[in-house]
Amino acid sequence: MHPMLNIGIRAARNAGNIIIKAYENLDKVETQSKGANDYVTNVDKAAERAIIDTIQKSYPEHGIIAEESGITDGQNNDYQWVIDPLDGTTNFIKGIPHFAVSVALRVKGKTEHGVVYDPLRNELFTASRGQGAQLNGYRLRVNKLHDLDSAIIATGLPFKQKHLSENYFGMLNAIFSECGDIRRAGSAALDLVYVAAGRHDGYFELGLKPWDLAAGELIAREAGALVTDVAGGYNFFKTGNIVVANSHVLKVMLSKLRPHLTDSMK
Ligand code: 2AM
Ligand code: CA
Ligand code: CA
Ligand code: CA
């Protein structure tokens, strides 16, 4: 295993331990509002601190992009760690046992390593570019469906960007009318790696941030998924609009989404 992946794993596990301990005593968690439907807790911050400390102990020169503390430049910004300390904070606060830690390392703009860790289930999803994706050491593969019939498609609602919702619900309706069923579980990182694991047959969402998708996107691709933006291009890191599935399902999904695209989505 690459030493940098190893550090990413150690960082994610350290954060996971903090999150689990706090989850046993949810009454004590302090929640602050960052905006409409947008919360941060002392646990998000403590988990992020643990991840950054773990990385900086081994790689003090690397840059960092983290949800709660923003961008920290390093001496060598060719290396950038992209961190979501707690993906699914709303679930966490509500006691819904579905959230994860997401840690990725990008080198010169290319994601090289990704870790998504679900601490409650002790599921560790990992990938290094060109090396495949693993769940607790077992190789992951996307499933082989050829169309949307009976497919389970995950998604997230644009709860923060309600201006997107008209187009979003057009998209959702177009997908839902052709697929088996929809899941909206509230953790983008887990949605991505569940496609890698063949639990979901596809996933789409609008308006994600780099830390939501960096690690899971690599893990999905290394498991054989294709990842595009909603127009079928590769601007998802910038736009945050993402579609993930095997090549057959992706093609059908993109054709269903296409009539609902606006210029700002490309
Ligand atoms: P977060 O918990 O790290 O903020 C995509 O749905 C992403 O939006 C989630 O992974 C989650 O990341 C974020 N999110 C923030 N508030 C949310 C909410 N009320 N419902 C669902 N997702 C939310
Ligand atoms: Ca958040
Ligand atoms: Ca997130
Ligand atoms: Ca988060």
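Just so it is clear, the structure is predicted and the values come from calculations on it, not from any experiment. (Residues numbered from 1 in each chain as written. Chains lettered and ligands numbered in written order. Predicted model: local features only at pLDDT ≥ 70, side-chain atom pairs only at ≥ 80, totals over all residues.)

Visitor: Lay out unusual backbone geometry with the relevant residues and their values.
Guide: Phi angles above zero are rare outside glycine, and Asn122 is one such case at about 50°. Relative to the helices and strands, Asn122 is located in the loop between strand 7 (110–118) and strand 8 (123–128). For Asn122, a count of 11 C-beta atoms within 10 Å translates into the label exposed. (Helix = DSSP H or I, 4+ residues; strand = E, 2+ residues; numbered from the N terminus. Buried ≥ 20, exposed ≤ 12 C-beta atoms within 10 Å, placed from the backbone.)

Visitor: Could you give an account of the nonpolar core, with specific residues and numbers?
Guide: In this structure, Leu192, Val193, Ala196 and Ile219 are the most contacted members of the largest nonpolar core, which totals 79 residues. Among the elements that line this core, the one with the most residues is helix 5 (residues 188–196), at eight residues. Two domains each donate at least three residues to this core, and these are domain 1 (3–139) and domain 2 (152–265). Setting aside residues up to four positions removed in sequence, Ile219 forms contacts with Gly114, Val116, Phe125, Ala127, Ala133, Leu192, Val193 and Ala196. (Core = buried A, V, L, I, M, F, W, Y, C linked by C-beta atoms within 7 Å. Domains from an automatic or database assignment. Contact = placed C-beta atoms within 7 Å.)

Visitor: Tell me what's going on with the confidence of the model for the protein, and back it up with residues and numbers.
Guide: Taken over all residues, the pLDDT of the protein has a mean of 96, while the share at 70 or more is 100%. Overall fold confidence for the complex sits at a pTM of 0.97, while the interface term, ipTM, reaches 0.92. (pLDDT = per-residue confidence, 0-100.)

Visitor: Would you mind going over the domain arrangement of the protein in detail, with residue names and values included?
Guide: Where interface size is given, it is often the accessible area lost as the parts come together that is meant. Domain boundaries in the protein define domain 1 (3–139) and domain 2 (152–265). One C-alpha centre belongs to domain 1, the other to domain 2, and the line joining them spans 21 Å. Of the residues lining the interface, 32 residues belong to domain 1; the matching set on domain 2 comes to 23 residues. Partitioning the side of domain 1 that touches domain 2 into residue classes produces 15 nonpolar, 10 polar and seven charged. (Nonpolar A, V, L, I, M, F, W, Y, C, P; charged D, E, K, R; others polar.)

Visitor: Quick rundown of helix 2 (residues 42–58)? Include the residues and the values.
Guide: Spanning 17 residues, helix 2 covers 25 Å between terminal C-alpha atoms, matching the ideal 24 Å at 1.5 Å per step. Among all positions of helix 2, only Val43, Asp44, Ala47, Glu48, Ala50, Ile51, Ile52, Thr54 and Ile55 are buried. Contact partners of the buried residues in helix 2: helix 1 (3–23), strand 2 (38–41), strand 3 (62–66), strand 5 (76–87), helix 3 (89–94) and strand 6 (100–107). (Expected span 1.5 Å × (residues − 1).)

Visitor: Hey, could you go over the site of ligand 1 for me, with residue numbers and the actual values?
Guide: Ligand 1 sits among 15 residues. The nearest are Asp87, Thr89, Thr90, Gly156 and Ala188. Listing elements by their share of the shell around ligand 1, those giving two or more residues are strand 5 and helix 3. Looking at the shell around ligand 1, its residues break down into three nonpolar, seven polar and five charged. Built from parts of two domains, the shell around ligand 1 gets at least three residues from each of domain 1 (3–139) and domain 2 (152–265). (Near = placed C-beta within 6 Å.)

Visitor: I'd love a proper account of the sheet that holds strand 11 (residues 152–155), names of residues and values included.
Guide: Spatial ordering of the open sheet is given by 12-11-13-15-14, a layout of five strands whose pairing is mixed. Among the strands making up the open sheet, the edge pair consists of strand 12 (181–183) and strand 14 (226–228). Neighbour-to-neighbour, the strand axes of the sheet open up by a mean angle of 20°, direction not taken into account. Two elements, strand 11 and strand 13 (residues 202–205), share three bridges in a ladder whose sense is parallel. Bridge assignment links Thr155 to a residue of strand 13, and that residue is Phe204. Set on the sheet, helix 5 makes contact with strand 11, strand 13 and strand 15 (242–245); between it and strand 13 the angle comes to about 150°. (Pairing = 2+ DSSP bridges. Axes fitted to C-alpha atoms, helices over the stretch in contact; angles between N-to-C directions.)

Visitor: Any chance you could break down the sheet that holds strand 6 for me, citing the residues and the numbers?
Guide: Through backbone hydrogen bonds, the strands of a sheet pair up, either in parallel or in antiparallel fashion. Strands sit in the order 4-3-5-6-7-8-9-10 across an open sheet of eight strands; the sheet is mixed. Bordering the open sheet on either side are strand 4 (70–72) and strand 10 (138–139), each of which pairs with just one other strand. Against the sheet, helix 2 engages strand 3, strand 5 and strand 6, with an angle of about 150° to strand 5. Taken strand by strand, helix 5 contacts strand 5, strand 6, strand 7, strand 8 and strand 9 (133–135), and its axis lies near 100° from that of strand 7.

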